[in-house]
Amino acid sequence: MRTTALLLSLALASPALAAPLESTLGRNETRILSAPFAVVPGKSVQDLKLDERLERLGYTRVRNRPDRPGEYFHGTDVYWFYRRPCHANGSDQPAALIGLDLGKNGAIGGLRSNGRSRSFEEGDVWLEPEILAESLDGKRADRVRVELDRLPEKVWRPVLAAEDARFFEHGGVDPRSIARAALKNLRKGKVAEGGSTITQQLVKNRDLTPERTLGRKASEAMRALSLEAEYDKKEILQAYLNTIYFGHVDAIAIYGFGTAARAYFGKDAAKLTLAESAALAAMIQGPNRLSPLKDEKALRNRRDWVLSRMEELGWATGAEVAIAKASGVAEKPTKPKVTSPGHLLSWLGTDGKRLEQERVEEGKGFLVETTVDPVLQEAAEGVVASHLDTLRRLYPRLKGAKLSSALVALDARTGAVLAYVGGDPDDRAGSFDRARLAKRQPGSVVKPFVALEALDTCDGKTPLTASSRILDEPLTIDLPKGPWEPKNFDEEFRGPVLLREALAESRNVPAVRIARHCGFDRVAATFREAGLDLPASPPPSFVLGAIETSPLAVARAYTVLATPGKRLEPYAWTYMETPGGRSLATKKAAALKVADPSSAYLVRDLLRSAVEEGTATSGALEGVEVAAKTGTSSELRDAWFAGVAGSVVTVVWVGLDDAGKLGLTGAAAAGPVWHDFMAKAVPARADHALERPRDVVEMWVQERTGLLVREGRLGARAELYRKGTLPPKKRWWKIDTPMEPIE
């Protein structure tokens, strides 16, 4: 990938603009960012959802080429967006005006520069990260940002009346307020008033500890003076309004005036009445003490004082104040909206505490740039929630059950986590992470790794092929605890079947015969190398998924089929930093070779049959090559669907938290979730079509005998093979007996 410097030389970039105050991070603030979204050349604007992504970031659509950061223009021939200065890719990035040339159907061609179009690569052009959360515990309401220019004066003036009436007159520190507070404190014999300006409060909330010492107050004053020298008054006031703390509602922390307006009054801040604005301004002094949930009388008294102060300052008429004082204090609070990926935050929190234990525990600031695609994250949560509701509606027995689901989506090229759902999205804060921590039986979703060992080395024996014939007849294996007789799901036997057919139709007995032929120990080693959890001495039933593993581990294993041949270690973040930019840790893609690329490619091809004509047909996507497998644990307790399409590997689990019987197969319960998510995810990400390895060739094989024949022969089919593992050719001068099946 090219560097950002090259991008700026190609794009029509503006002079560097200083980062807005609100985009900077205070020492006490935590910010969890999504990944910067890389624009993919050749994809359409619609597929990449560029309009939606920019609007999520708060960009404004304009009718001509934008002339300031935060605007975009969707034209017929060119797509312009003026990227804001931001923190991305581990460093501060300047603003940039970027033009994308559009072809037919909105397909992105070149990068517009000086009236010309130049080619670019994925990673050269990107959108700024989106804020996913501002805490690691997932118990902070989504911040509803306000813009001062769009707020009526009656909404923000009460804040000045309550906290800093001379805000527009002083330079960050107000000597009059300090003198008045000192006199009041002297009279009362204690610290009853601080005299801090709004600028000082902003500094304290963002950068300083809550202790009250002369040294801390001096530092606060100096920082306030510096802040006022660098930023405009309105920008400081806007930052204050968007960061001030307003207590808790339903154990969810409320930060920002806009968020408080929604939480306490159920409306946008711009629509607040004078009485409502004054009530919020009154809460600033003691957000939990003056909360309408705890002491409505105390809040009313403080609010009425704010209103009287408004009249005294000439910012409201006597009539307006009288009407406002006659109003109630607050409506019934509404449940705050929390859309942060809570289960992912618990994973990040684990890494964060391990890396910087003291910083997290003391509430010091933290910045994490994740790998998450926010559009895909929202899609994953929406699909999971919708299908859980559908299952409860279709199957009354599940309505009161502890039904849940997990979804993990990885970039098939790197292992980066694109979307992550660890349970019912309606149960976020503090809930158990089923994607990473839950260990459930995966059923047949692990069978591709039996095939992988068989096609790769088969423990030194002659490797099997997709057309190897496997005996599907009753089987008994003597174990220390007694004989074991594996059964097929349909409890029927079909005699000799092709390996491709056995995997596509998820036949249990052939899978066990293959593992026995190649060696259970060697197959177990392949499972472990792929990243699946196995006990030290697993029983033979592990090849049918009678083990316990997590959705994240299954997703890791399926990257072996996507790369092909290498296991990618899933990672959810790339940078962890202090707010000042000091690096705490970085994480990059890591890979481990598990199998020959040709063998993994062939197994992936086998799974195409599972989608086209086997148990995984519910995962088929129009116009997209899909390789996937279903899994259903014993007694229909767990439903799984795992596979790869485009550049996305996704695993879905559906089951009951109490390990009760779900009563549904992987195709029925997990397949629709996988399909609906991937239908949205695959177009929005880069294509990733694997080229057939050079040592993989296509030949024609007679299904009845397993022998090679000429192309197009009746009763024959095209099949892929690794060179050196080709079956014998059928001899025309004699009647050949079928290849001996694996017993």
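Predicted, not measured: the structure shown is a model, and the values here were computed from it. (Residues numbered from 1 in each chain as written. Predicted model: local features only at pLDDT ≥ 70, side-chain atom pairs only at ≥ 80, totals over all residues. Heavy atoms only, no water.)

A. Expanded view of the pattern of salt bridges. Summed over all chains, the structure comprises 47 salt bridges. For E228, the salt bridge goes to K233, with nearest N and O atoms at 2.9 Å. Linking R500 and E719 is a salt bridge whose minimum nitrogen-to-oxygen distance equals 2.5 Å. Of this pair, R500 sits in helix α17 (residues 499-504) while E719 sits in strand β31 (residues 716-722), placing them 219 residues apart in sequence. Residue R500 is classed as buried on the basis of its relative accessible area of 5%. Each of R53, E122, D373, D411, R413 and R685 takes part in a single network of salt bridges with overlapping partners. (Salt bridge = Lys/Arg side-chain N within 4 Å of Asp/Glu carboxyl O. Helix = DSSP H or I, 4+ residues; strand = E, 2+ residues; numbered from the N terminus. Buried < 20%, exposed > 50% of the residue type's maximum accessible area, 1.4 Å probe, protein only.)

B. Representation of unusual backbone geometry. With an omega of -15°, the peptide bond running from T563 to P564 counts as cis. For K49, which is not a glycine, the phi torsion comes out positive at approximately 60°. For K49, a relative accessible area of 28% translates into the label partly exposed. In this structure, D459 is a non-glycine residue whose phi angle is positive, near 55°.

C. Looking closely at the environment of S346. Considering the arrangement of structural elements, one finds S346 in helix α13 (residues 342-355). For S346, a relative accessible area of 29% corresponds to the partly exposed category. On a C-alpha basis, the gap between S346 and L136 in space is 6.9 Å, while along the polypeptide they are 210 residues apart. When sequence neighbours within four positions are dropped, the list of residues in contact with S346 reads D433 and R436. (Contact = heavy atoms within 4.5 Å.)

D. Structural detail: the pairing of strand β16 (residues 403-411). A large share of β16 lies buried, amounting to 9 of its 9 residues. Here β16 shows a buried face lined by L403, S405, L407, A409 and D411 and a second buried face lined by S404, A406, V408 and L410. Across 4 bridges, the pairing between β16 and strand β17 (residues 417-421) is antiparallel. Each bridged residue has a counterpart across the sheet, and for V408 the counterpart in β17 is Y420. (Pairing = 2+ DSSP bridges.)

E. Layout of the packing of helix α16 (residues 447-456) against helix α21 (residues 597-613). The N-to-C vectors of α16 and α21 enclose an angle of 135°; their axes lie 9 Å apart at closest approach. Between α16 and α21, the crossing angle belongs to the class labelled oblique. For the crossing formed where α16 meets α21, the hand is right-handed. Across from P448, A451, L452, L455 and D456 in α16, the residues of α21 making contact are S599, A600, L602, V603, L606 and L607. Looking at side-chain class alone, the contact of α16 with α21 contains 9 nonpolar, 1 polar and 1 charged residues. (Axes fitted to C-alpha atoms, helices over the stretch in contact; angles between N-to-C directions. Parallel < 35°, antiparallel > 145°, perpendicular 65-115°, else oblique. Left-handed = near helix turned anticlockwise from the far one by under 90°. Nonpolar A, V, L, I, M, F, W, Y, C, P; charged D, E, K, R; others polar.)

F. View of the nonpolar core. Of all hydrophobic cores here, the largest spans 85 residues; its most connected members are L348, F449, F527, F542, V543 and Y558. Examining the composition of this core, we find that 8 residues originate from one element, helix α20 (residues 551-562), more than from any other. I236, Y264, A279 and V338 belong to the second-largest nonpolar core, a separate cluster that totals 58 residues. (Core = buried A, V, L, I, M, F, W, Y, C linked by side-chain atoms within 4.5 Å.)

G. Looking closely at the sheet that holds strand β5 (residues 78-83). Strand order in the open sheet formed by 6 strands is β3-β4-β5-β8-β9-β10, and the pairing between neighbours is mixed. With one partner strand each, in any of the chains shown, β3 (60-61) and β10 (116-118) form the two edges of the open sheet. Pairing geometry for β3 and strand β4 (residues 71-74), over 2 bridges, is parallel. Note that in β4 the partner of T60 across the bridge is E71.

H. Broad picture of the packing of aromatic side chains. Overall, the coordinates contain 10 aromatic pairs when judged by the stated rule. Ring geometry for W347 against Y420: centres 5.3 Å apart, planes inclined by 40°, an arrangement best described as tilted. Separated by 73 residues along the polypeptide, W347 in helix α13 and Y420 in strand β17 bring together distant segments of the chain. The class of Y420 is buried, set by a relative accessible area of 1%. These aromatic residues form a ring-pair network of at least three members: F449, F527, F542 and Y558. Over the face of the ring belonging to F37 we find R53, whose NZ or CZ atom lies 3.5 Å from the ring centre. The ring of W80 has R65 lying over it, and the distance from NZ or CZ to the ring centre is 5.2 Å. (Phe/Tyr/Trp six-rings, centres within 6.5 Å; stacked < 30°, edge-to-face > 60°. Lys NZ or Arg CZ within 6 Å of the ring centre and 35° of its normal.)

I. The environment of L293, seen in detail. Positionally, L293 belongs in the loop between α10 (274-283) and α11 (296-312). In this structure L293 comes out as partly exposed when scored by relative accessible area, which is 46%. When the C-alpha atoms of L293 and P333 are compared, they prove to be 8.2 Å apart, with 40 residues separating the residues in sequence.

J. Highlighting the side chain of D124. Considering the arrangement of structural elements, one finds D124 in the loop between β10 and β11 (126-127). For D124, a relative accessible area of 2% corresponds to the buried category.

K. Quick peek at the packing of helix α4 (residues 153-163) against α10. It is at 8 Å that the axes of α4 and α10 come closest, and there the two elements cross at 35°. Here α4 and α10 pass one another in a crossing that is right-handed. Between α4 and α10, the contacting residues are K154, V155, P158, V159, A162 and E163 on the first element and L274, S277, A278 and A281 on the second. Within the contact of α4 with α10, the residues separate by chemical class into 7 nonpolar, 1 polar and 2 charged.

L. Quick peek at empty space enclosed by the protein. With the rule as written, the count across this model stands at 4 cavities of 30 Å³ or more. The computed volume of the largest cavity comes to approximately 80 Å³. Considering the residues around the largest cavity, the lining is formed by K447, V450, A451, L499, A502, L503, R507, A511 and I514. Elements that contribute at least two residues to the lining of the largest cavity include exactly α16, α17 and α18 (508-518). Looking at side-chain class alone, the lining of the largest cavity contains 7 nonpolar, no polar and 2 charged residues. Along the walls of the second largest cavity sit S34, A35, F37, R53, L57, L127, E128, P129, E130 and P374, which together make up its complete lining. Class assignment for the residues of the lining of the second largest cavity results in 6 nonpolar, 1 polar and 3 charged. (1 Å grid on protein atoms, 1.4 Å probe; cavity = no way out; pocket = protein on both sides within 12 Å on 5 of 7 lines; lining within 4 Å. Points joined across faces, edges and corners; volume = space filled by probe spheres on them.)

M. Focus on the sheet that holds β31. Taken in spatial order, the 3 strands of this open sheet run β30-β29-β31, and their pairing is antiparallel. In the strand order of this sheet, the two ends are held by β30 (708-709) and β31, each with one partner. Sheet topology note: the strand β29 (residues 696-702)/β30 ladder contains 2 bridges and is antiparallel. Counterpart to W700 in the pairing with β30 is V709.

N. Region of interest: helix α15 (residues 374-394). With 21 residues, α15 should reach 30 Å at 1.5 Å per residue; the first-to-last C-alpha distance of 30 Å fits that figure. Put simply, D373 is the residue that caps the front of α15, since its side-chain oxygen is 3.0 Å from the backbone nitrogen of V375. (Expected span 1.5 Å × (residues − 1). Polar contact = N/O pair within 3.5 Å; in protein donor to acceptor, adjacent residues only side chain to side chain.)

O. Region of interest: the side chain of E220. With respect to the helices and strands, the residue E220 is situated in helix α7 (residues 214-230). Taking the relative accessible area as the measure of exposure, E220 reaches 1% and is therefore buried. A polar contact of 3.2 Å, which involves the side chain of E220, links it to the side chain of Q200. When residues no more than four places from it in sequence are discounted, the contact partners of E220 are S196, Q200, V203, K204 and L208.

P. View of the pairing of strand β23 (residues 573-577). A large share of β23 lies buried, amounting to 4 of its 5 residues. Inspection of the sheet shows strand β15 (residues 366-370) paired to β23 by 4 bridges, in the antiparallel sense. Residue pairing across strands places V368 opposite M576, the latter belonging to β23. Bridge count between β23 and strand β24 (residues 583-586): 3 bridges; the pairing is antiparallel. Residue E577 lies in a different strand from β24, and its bridge partner there is S583.

Any functional reading would require information that these geometric values do not contain.
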